[in-house]
Amino acid sequence: MKTKKLKKIKPIRIVGIVALVGAIALAGFLGFNIYNDTAVFDADKLLSSGASVMYDSDGEVMYTYGSDENGTRENITYDDLPQVLVDAVVAAEDSRFFEHNGFDLPRIAKAAISNLATGGRQGGSTITQQLIKKTYFPNAERTYTRKLSEVFLAIQADKELSKEEILTLYLNKIYFGRSTRSIGIASACKYYFNKDVSELTLPEAAMLAGSLNSPYNYDPYYCLDKATKRRNTILNLMVTHGYITQEECDEAKQVKVENTLSPSSSSNNNSTLAAYVDLVTEEVKKRTGLDPKEVQMNIYTYCDRDTQELATAIANGDKYDYSDEDMRMGGAIQSSQDGRIVAIIGGRNYSYGDLNFATTKQQPGSSVKPFLDYGLAFENLDWCTGQTIVDEPYSKGNFKPKNWDGQFHGTVSVTSALENSWNIPAIKTYEEVVKEIGKSGVVSAMESIGIDMSDQKDPSNLSYAIGGWTTGISPLEMTNAYATISNNGLYTESHTINYVEIVQTGKVYNVDEDIQDDAKQSDYSKASAFMIREVMLDYTKNGSGNYAYLSGIDNVGAKTGTSNWASSKGNGMSGKSRDLWMSAYTPDYVCSVWMGFDKTGIDKGKTTSRYKAYPGKVVQMLLKHLQKNKSDKIYPSQPSTVIKDGNEYYKKGTSHSHHASETTEETTEEAPTENTDDTTNQENSDQNTTDQNSGDQQGSTSQENDSQGNTNSGSSNQGNTDSSSSNQGNQDSSNQPSDGSQNTNQ
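Residues numbered from 1 in each chain as written. Predicted model: local features only at pLDDT ≥ 70, side-chain atom pairs only at ≥ 80, totals over all residues. Heavy atoms only, no water.

Per the secondary structure count, the chain includes 21 helices and 19 strands. Looking at the 746 residues of the chain, the share that counts as buried comes to 56%. Restricting to contacts in the chain with at least 6 residues of sequence separation, those with at least 24 account for 72%. Surface accessibility of the chain: about 31700 Å² in total, with carbon and sulfur atoms responsible for 47%. (Helix = DSSP H or I, 4+ residues; strand = E, 2+ residues; numbered from the N terminus. Buried < 20%, exposed > 50% of the residue type's maximum accessible area, 1.4 Å probe, protein only. Contact = heavy atoms within 4.5 Å. Areas by Shrake-Rupley, 256 points an atom, 1.4 Å probe, with all protein chains shown as cover.)

Here is the structure:
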């Protein structure tokens, strides 16, 4: 009998022991998780990061960042909160807020009973708990462990912070609507009412307090009826808790929510500055490793707001008549001597995040001839500006280039070859340069003036001489290159930023200061760069062709550029022009503009053959606008290593028989390092330029010669400025890859 009783008791004990062990294990597990969640409580973590702000060159706000994390938040203090807002929020969210210790047991119990009775999901969380959840568990699932952790942390927060501090932290952090511009009470007041927090009225405060329960459903811009009903509910609660009288409640209800809202919910971010803002954002990430959307910072830039707004208006067609809705434009304007970018053209109707044509590579055409062909010849072959080249029939295997006019001009000088942009002299010059310094020498020279060559297939290919590049050059790179040349070869990296302040740490990134300190002589000596500059200044002031548009602009040097579609291109585009360029510099600014068609226009078979005057007109508008800024800047002076003989310049220490005064003095410039790389075999049939008529083109506004020597009629509409200028000459063109493919970046 005893044995039977023992047998019955034993299983019960076992079950009890197992249950006890399980309970202890569960408690331990919960306790461990809660400890992990609460052991590292830090009141500073409850602080909200404000939004990053970008400033223009005058120190005025030009952009405020928004994101899911910080919106366009501006943190305020408790003293900024009107009493009517405090009362409305407390009545709506936590009526015993100023009495409990961060955790309100009666509120939790009431919510639990209501949920059981109605099947609802009321949380019963206090304002302190909501602050903790938003900070520590923003994406966590609702679990008992998380809820208990939330309670423990709320109690800790209540011990370390005053009620006023907790309420302020909460209102600075929480959403008040669907938009990221409604995060934080200060931003929400701007978003809905375009006013400061201190100016809130009773109906407005009640509406904001009502949105906290469900920001998505109570945003009056999207759900006006729901927002109105919720506001009235809050007004009733304020009466219940004694904050307002019934008469005040009734009067507030008479105010229509829609009548309190700002006519527009748009932010203070100006879309005319969007292209510049995007460029700054990318530069901030590159130079600091931080994202301004995630880390609060103040960014001080060199954006000239007036110039940027003009550039955008031109790009959008507001200040310039494209004559074709599919035409696109990209460009950059920077200070000549310090690399500071003052404005860019990102594209037509540019919106934040669009493809930025200022940084998109395009085929450069003859824009490269001054620095790639003749500049490297001055540097490495010791040529003078009066050097002559024979313009005659030329071929290398299947590569049989011609000049834009289909003619040969015999012996021509460098200045004449550049002014008229003859192709064959440029190609023959480049061929000699490549023999001397090899492919690596060319790459080094281009990278030393800010042109990225990493994706170029074979820079020793002779088609590069006339702009037939694999991936091309961006307007910003072109601007940096000409800034370097105009500044006697001193390379200063292009940049938009003066300095960046990280708000929470106080760290400062002195971007401009570092860049100025790192400025260095490029692969072009002072002598060679000076000689290029003087040649360009000389032919530009003659005012022929498209350079006529630059008349009235002081001390300007410029180069046009045009690329052609390959002969294999179909749809009637074979040999027609594709990319149009104008790059110009003064002692103050450098401006480079590209115009052409994106994929939409190209698919329609459109070419730029009728619009070759366009880039010159745009550059004219921008430089004339900038010329209004009074400046006493001058170009760097003639180096002591350069000698002038009549109208020609040559490097000291070189000897040329046609000079009136020869010299054998040694130059004080460093001699270029000889490169032993073999040049590329130009017999290769896959030349980057295969069209027979690549080169610069001259013609009139009303009648312009295309690359085949034929006349394009009906092309009188060349833009909306300087319509009286008939000479549209000096239009450069080089051919594209033989497959006629589009630019990879378009």
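Bringing the sheet that holds strand β9 (residues 497-502) into the picture now. If you trace the five strands from one edge of the open sheet to the other, you get β2-β1-β3-β9-β10, paired in mixed fashion. Where the open sheet ends on each side, the last strands, each with one partner, are β2 (61-64) and β10 (508-509). In the packing of helix α12 (residues 274-288) onto the sheet, contacts are made with β1 (53-55), β2, β3 (297-301), β9 and β10, and the angle to β3 comes to roughly 115 degrees. On the sheet, helix α18 (residues 511-518) packs against β9 and β10 and is oriented at approximately 135 degrees with respect to β9. (Pairing = 2+ DSSP bridges. Axes fitted to C-alpha atoms, helices over the stretch in contact; angles between N-to-C directions.)

Going through the model one piece at a time under the given rule, you end up with 23 salt bridges. With a shortest N-O distance of 3.2 Å, K651 and D382 are connected by a salt bridge. Taken together, the residues span a long stretch of sequence, with K651 in strand β16 (residues 648-651) and D382 in the loop between α14 (369-380) and β6 (388-391) at a distance of 269 residues. A salt bridge links D603 to K599, with the nearest nitrogen and oxygen atoms 2.8 Å apart. (Salt bridge = Lys/Arg side-chain N within 4 Å of Asp/Glu carboxyl O.)

Next up on the list: the environment of S336. Among the structural elements, S336 can be located in the loop between β4 (327-335) and β5 (341-345). We classify S336 as buried; its relative accessible area is 3%. Among residues more than four places away in sequence, those in contact with S336 are A483, S486, N487, T586, P587, D588, Y589 and V590. Among the polar contacts made by the side chain of S336, one reaches the main-chain carbonyl oxygen of T586 at a distance of 2.7 Å. Polar side-chain contacts of S336 include one of 2.9 Å to the backbone nitrogen of Y589. (Polar contact = N/O pair within 3.5 Å; in protein donor to acceptor, adjacent residues only side chain to side chain.)

Attention now moves to the packing of helix α17 (residues 475-486) against helix α19 (residues 526-541). Interaxial distance between α17 and α19 falls to 8 Å at its minimum, and their mutual angle equals 105 degrees. One finds that α17 runs roughly perpendicular with respect to α19. Residue-level contacts link Y482, I485 and S486 of α17 to A529, I532, R533 and M536 of α19. (Parallel < 35°, antiparallel > 145°, perpendicular 65-115°, else oblique.)

Here we take up the side chain of S460. Mapped onto the elements of the fold, S460 is located in the loop between α16 (423-448) and α17. A polar contact is formed between the side chain of S460 and the side chain of D458, at a distance of 2.6 Å.

What follows is about the environment of S563. By the element assignment, S563 lies in strand β12 (residues 557-564). Here S563 falls in the buried class, since its relative accessible area comes to 0%. Considered as a pair, S563 and Q362 are 201 residues apart in the sequence and their alpha carbons are 9.3 Å apart. There is a polar contact of 2.5 Å between the side chain of S563 and the side chain of D579.

Right, let's talk about the nonpolar core for a bit. By size, the foremost hydrophobic cluster in this structure holds 95 residues, and its most contacted members are F371, L372, M446, Y524 and L622. Broken down by element, the residue count for this core peaks at ten residues, all from α16. Not counting residues up to four positions away in its chain, the partners in contact with L372 are Y430, V442, M446, Y464, A465, W469 and Y524. (Core = buried A, V, L, I, M, F, W, Y, C linked by side-chain atoms within 4.5 Å.)

With that out of the way, let us pick up the confidence of the model for the chain. Confidence in the prediction of the chain, expressed as mean pLDDT, is 82, and 77% of residues score 70 or more. For the stretch residues 34-38, pLDDT sits under 50, and the model shows twelve contacts to residues farther than four places along the chain or on other chains. This stretch, residues 658-746, has a pLDDT under 50; its non-local contacts, to residues over four places away or in other chains, come to 291 contacts. (pLDDT = per-residue confidence, 0-100.)

Moving on to the packing of aromatic side chains. Enumeration over the complete set of coordinates arrives at 20 aromatic pairs. Considering the side-chain rings of Y320 and Y322, the 6.1 Å spacing of their centres and the 90 degrees angle between planes classify their relative orientation as edge-to-face. For the pair shown, Y320 and Y322 are each scored as buried. For the pair Y320 and Y614, a centre-to-centre distance of 5.3 Å together with 85 degrees between the ring planes defines the contact as edge-to-face. With Y320 in the loop between α13 (305-316) and β4 and Y614 in helix α21 (residues 614-627), the pair connects residues that are 294 residues apart, well separated along the chain. Accessibility expressed as a relative area gives 2% for Y320, which makes it buried. An aromatic cluster is defined as three or more aromatic residues linked by ring pairs; in this entry it consists of Y191, Y192, F193 and Y221. Its guanidinium or amino end placed over the ring of Y216, R178 lies 3.7 Å from that ring's centre, counting from NZ or CZ. (Phe/Tyr/Trp six-rings, centres within 6.5 Å; stacked < 30°, edge-to-face > 60°. Lys NZ or Arg CZ within 6 Å of the ring centre and 35° of its normal.)

Looking now at the packing of helix α4 (residues 127-136) against helix α6 (residues 163-173). One can describe the packing of α4 onto α6 by two numbers: an axis separation of 9 Å at closest approach and a directional angle of 50 degrees. By the angle between their directions, the pair α4 and α6 is classed as oblique. Remark: the crossing between α4 and α6 carries left-handed chirality. Taking contact as the criterion, the partners of I127, T128, Q130, L131, K134 and T135 in α4 are, on α6, I166, L167, L169, Y170 and K173. Taken together, the residues that form the contact of α4 with α6 break down as six nonpolar, three polar and two charged. (Left-handed = near helix turned anticlockwise from the far one by under 90°. Nonpolar A, V, L, I, M, F, W, Y, C, P; charged D, E, K, R; others polar.)

It is worth spelling out unusual backbone geometry at this point. Backbone geometry places N349, a non-glycine residue, at a positive phi of 50 degrees. Relative to the helices and strands, N349 resides in the loop between β5 and α14.

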